[in-house]
Amino acid sequence: MMDKLGTGLKDAVKKLAGKSVVDRAAVEELVKDLQRALLQSDVNVKLVMTLSQSIKKRALDEEPPQGMNAREHVLRIVYEELVALMGGEVEVTLTPQTILMAGLQGSGKTTTTGKLARYFQRKGLRVGVVCADVFRPGAYDQLKTLCDQINIPCYGEPGETDAVGVTKRGLKSLGTVDVRIVDTQGRHGLENDLIAEIIALNTLTKADHRWLVIDAALGQQARDQAARFHEAIDIDGVIITKMDGTAKGGGALSAVAETGSGIVFIGNGETINDLERFDPDGFISRLLGMGDLRALIERAEEAMGDDEIDVNAMLKGKFTLRDMYKQLESIKKMGPLKQVMGMIPTGGFDMPDEALDVTSVKMERYKIVMDSMTDEELENPTLINSSRTNRIALGAGAKPEEVRELIKYYKTMQKTMKAMRGGMGGGKFNMQRMMKKFGGM
Ligand code: GDP
Ligand code: MG
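If you're wondering where the values come from, they're calculated on a predicted model, not measured in any experiment.

### Considering the nonpolar core
Of all hydrophobic cores here, the largest spans 66 residues; its most connected members are Leu9, Leu82, Ile240, Leu253 and Ile284. Ranked by residue count, the leading element in this core is helix α4 (residues 70–85), at 8 residues. Setting aside residues no more than four positions away along its own chain, Ile240 makes contact with Ile214, Ala216, Ala252, Leu253, Val256, Ile263, Phe265, Ile266 and Gly267. Membership of the second largest hydrophobic core comes to 29 residues, among which are Val92, Val129, Leu143 and Val179.

Structure below.
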């Protein structure tokens, strides 16, 4: 389901990235596209409206921070607002702890208990599980089968009807494991005795965590369930299951976030490994297809640090070997060009493969070759005739072909620059920023 939401959001963002001017009309169009995508995945209308309002207001009122262009500024606002919509991040510690599982029947508690046992086991902790579901026939067998898959102790008393008693004996029998997970019964509705039982189990276990399991298919209705359980036992984390199978996941996620209960994990499949930690930042950047946009911006800023590139000269059409040298330096600090390009919305501009396929080894070679050029040559590469080529090669301990290859690469880059200037049409300010991001290209 998240694929669909992701596609909608990505398209909206891509459209903005491809706009030559980010003005009021562009922002309004973006907001409309975002609304459509969010509403289609069942996010509450009121939430969507609030979100749109604040995106619009911020995008139009706030000045972009120093060094950030209008486009990036708006994208960052969208990103921040969506992250906020998903609530805060819930910490999961790898210390000894007792976890009480709550939720209605069929929500995925038992399956998730198995998945969590696996999660902590993989982190190197010893895990034990108690089956406190005395209501559903076969509950113990279901849990035991899961635990047997991963060799984890599972305590249960099939046939016994006192959940509190079973749990008390179960925790004792598990002894000194690090993580103790208590799977409970569910039933179909929120009945009073179900709530009473979960409160009693909470008191008995003194659980460190009370995690509520909710089926994503509930969509916005997840809000009521989350609120009700929260009231009873102070839920400190929600796990949303079946995110793999419904179009309503966006609704469940945002509804739960709205109750103030953070989302700890999402379940996205039926096997014991289909559990994913939920962190709003990563989740949204993935949905937006921005890769790790934040890290990228940070890296770009670091890389740009002191040695400024003469962007203005380049804008006027001048792109010398010296500029390329600086560009290679910055790229080295930012990581492979191909990867960097993949993370930036480029407004539909595709870098030619020859420009991207430069390995870091080759970049180093190019720099060595450039080191044996004169200032004059670096400023004006057309001077480099065949006798100069031979001299440069000799000085760099390289073959003349290597020098020629470098010149060829330089020409490709020069052409690319020109095409970008023509194709992006994003105004001078945008262009500068783009160049900086690409390491001065
Ligand atoms: P419980 O009654 O709350 O203990 O729920 P169960 O753990 O028995 O799960 C009910 C059904 O949902 C089972 O058929 C599970 O296989 C299925 N299920 C649980 N989590 C997921 C999930 O993340 N994705 C999918 N596709 N199915 C799930
Ligand atoms: Mg169960």
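### Digging into the site of ligand 1
Not every one of the 18 residues close to ligand 1 is listed here, only the nearest: Gly106, Lys109, Thr111, Arg136 and Asp244. Take Gly108: an N or O atom from its main chain is 2.9 Å from an oxygen atom of ligand 1. Between an oxygen atom of ligand 1 and a side-chain N or O atom of Thr111, the distance comes to 2.5 Å. Expressed as a share of its isolated accessible area of 580 Å², the protein-covered part of ligand 1 is 82%. In terms of residue count, helix α5 (residues 109–122) provides more of the shell around ligand 1 than any other element does, 4 residues in total.

### Quick look at a nonpolar patch on the surface
Residues Leu39, Val45 and Met49 make up a contiguous nonpolar surface patch of roughly 240 Å² in combined accessible area. As for its position among the elements, Met49 is in helix α3 (residues 45–61).

### A closer look at the pairing of strand β2 (residues 127–132)
Of all 6 residues in β2, 6 are buried, a share of seventy percent or more. Burial of the side chains of β2 extends over both faces: Val127, Val129 and Cys131 are buried on one face and Gly128, Val130 and Ala132 on the other. Examined bridge by bridge, β2 and strand β4 (residues 179–184) share 6 bridges and lie parallel to one another. The residue of β4 that forms the bridge with Val130 is Val182.

### Notes on the pattern of salt bridges
A complete count under the given rule lists 20 salt bridges for this structure. Glu28 is the partner of Arg24 in a salt bridge, and the nearest nitrogen-oxygen pair spans 3.5 Å. Taken together, the residues Arg24 and Glu28, both in helix α2 (residues 24–40) and 4 residues apart, mark about one turn of the helix. We classify Glu28 as partly exposed; its relative accessible area is 30%. Here Asp178 ties to Arg126 by a salt bridge, and the two come within 3.5 Å at their closest N and O atoms. Placement of Asp178 in the loop between α7 (163–174) and β4 and of Arg126 in the loop between α5 and β2 is noted, with a sequence separation of 52 residues between them. Given the relative accessible area of 18%, Asp178 is considered buried.

Criteria and cut-off values
The residue count restarts for each chain, going from 1 along the sequence in the order it is written. As a convention, the first chain written is A and the first ligand written is 1, with the rest following in written order. Only residues with pLDDT of at least 70 are given local features in this predicted model, and only at 80 or more are side-chain atom pairs given and counted; all residues enter the totals for whole chains, interfaces and linings. Side-chain metrics in this entry use all non-hydrogen atoms of the structure; hydrogen atoms and water are not considered. Working definition of a nonpolar core: buried Ala, Val, Leu, Ile, Met, Phe, Trp, Tyr and Cys residues. They are joined through side-chain atoms within 4.5 Å. Type-normalised accessible area, obtained with a 1.4 Å probe on protein chains alone, sets the label of each residue: buried when under 20%, exposed when over 50%, and partly exposed for intermediate values. Elements are defined by DSSP. Helices are runs of H or I of four residues or more, strands are runs of E of two residues or more, and each kind is numbered from the N terminus. We call two residues in contact when some of their heavy atoms are within 4.5 Å. For this purpose, a residue is taken to be near a molecule or strand whenever a single non-hydrogen atom of the residue falls within 4 Å of it. Polar contact criterion, stated in full: a pair of N or O atoms within 3.5 Å, where within protein one must be able to donate a hydrogen and the other to accept it, and residues adjacent in sequence count only if both atoms are side-chain atoms. Accessibility throughout is a Shrake-Rupley quantity obtained with a 1.4 Å probe, and a residue counts as covered only by protein chains that appear here. Patch membership is restricted to residues that have no salt bridge and whose relative accessible area is over 30%. Joining uses 9 Å for like charges and 5 Å for the nonpolar side chains Val, Leu, Ile, Met, Phe, Trp and Tyr. Salt-bridge detection follows one rule: a side-chain nitrogen of Lys or Arg within 4 Å of a carboxyl oxygen of Asp or Glu. Strands are treated as partners if at least two bridges between them are detected by DSSP.

The values reported here are purely geometric and, on their own, carry no functional implication.
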